[in-house]
Amino acid sequence: MYVGALTLDLLLGDVRSLKQKRSVIRPIVAELQRKYSVSVAETGNHDLYRRCEIGIAVAASTAAHCTALMNSCERLVADRPEVELLSARQRLFNDEE
């Protein structure tokens, strides 16, 4: 079994409050969960309204499948016009570590 962790650092577009930030982030989180069956949460920058860190966890039977899922999640977020992907960090763990 392999577990992948993907951390995305996002810059939000025309957002002027934490309420607007939630209205941008919630649909992204919901789409990732629905489309790829991954665990997703806002993991950082809670008090900044133009920045967001999203954490995604993936479990798969092979390293290739786990990496492919993380790449797909990254592309989905990067293709959203209302956010700019500043950085993405992938980590892969197996059951022997």
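Going by what an unreviewed UniProt entry lists, the chain is known as YlxP-like protein and is assigned to Thermobifida fusca.

J.: Help me understand the side chain of Asp9 in this model?
T.: Position of Asp9 relative to the elements: it lies in strand E1 (residues 2-12). With a relative accessible area of 17%, Asp9 lands in the buried category. Excluding its chain neighbours within four sequence positions, the residues that come into contact with Asp9 are Asn45, Arg51, Cys52, Glu84, Leu85, Leu86 and Ser87.

J.: Quick question: what am I supposed to make of the nonpolar core here?
T.: Within soluble globular proteins, side chains that are nonpolar tend to cluster in buried spots. Residues Leu32, Val38, Ile54, Ile56 and Val77 are the most contacted members of the largest nonpolar core, which totals 25 residues. Secondary-structure elements contributing two or more residues to this core are E1, helix H1 (18-36), strand E3 (51-60) and helix H2 (63-78). The residues touching Ile54, leaving out its near neighbours within four places in the chain, are Leu6, Thr7, Leu8, Leu10, Ile25, Ile28, Val40, Ala41, Glu42 and Thr43.

J.: Can you help me understand the sheet that holds strand E4 (residues 83-94) in this one?
T.: Pairing is antiparallel in the open sheet, where four strands are placed in the order E2-E3-E1-E4. Edge positions in the sheet fall to strand E2 (39-44) and E4, since each has one partner strand and no second. On average, adjacent strands in this sheet sit at an angle of 20° to one another, irrespective of strand direction. Inspection of the sheet shows E1 paired to E3 by ten bridges, in the antiparallel sense. In the strand pairing of E3, Leu8 is matched with Ile54. Of the strands in this sheet, E1, E3 and E4 touch H2, which is tilted by about 170° from E4.

J.: Got a minute to help me understand the pattern of salt bridges in this structure?
T.: Should the charged atoms of two oppositely charged side chains come close, the side chains can pair. This model, assessed by the stated rule, comprises five salt bridges. A salt bridge links Lys21 to Glu42, with the nearest nitrogen and oxygen atoms 3.1 Å apart. Taken as a pair, Lys21 in helix H1 and Glu42 in strand E2 lie far apart in primary sequence, 21 residues in all. Classification of Glu42 by relative accessible area gives partly exposed; the value is 27%. In this structure, Glu82 engages Arg80 in a salt bridge whose closest nitrogen and oxygen atoms are separated by 2.9 Å. Bridged by salt links that share partners, the residues Glu31, Arg80 and Glu82 form one connected network.

Reading the values: the criteria
- Residues numbered from 1 in each chain as written.
- Predicted model: local features only at pLDDT ≥ 70, side-chain atom pairs only at ≥ 80, totals over all residues.
- Heavy atoms only, no water.
- Helix = DSSP H or I, 4+ residues; strand = E, 2+ residues; numbered from the N terminus.
- Buried < 20%, exposed > 50% of the residue type's maximum accessible area, 1.4 Å probe, protein only.
- Contact = heavy atoms within 4.5 Å.
- Core = buried A, V, L, I, M, F, W, Y, C linked by side-chain atoms within 4.5 Å.
- Pairing = 2+ DSSP bridges.
- Axes fitted to C-alpha atoms, helices over the stretch in contact; angles between N-to-C directions.
- Salt bridge = Lys/Arg side-chain N within 4 Å of Asp/Glu carboxyl O.

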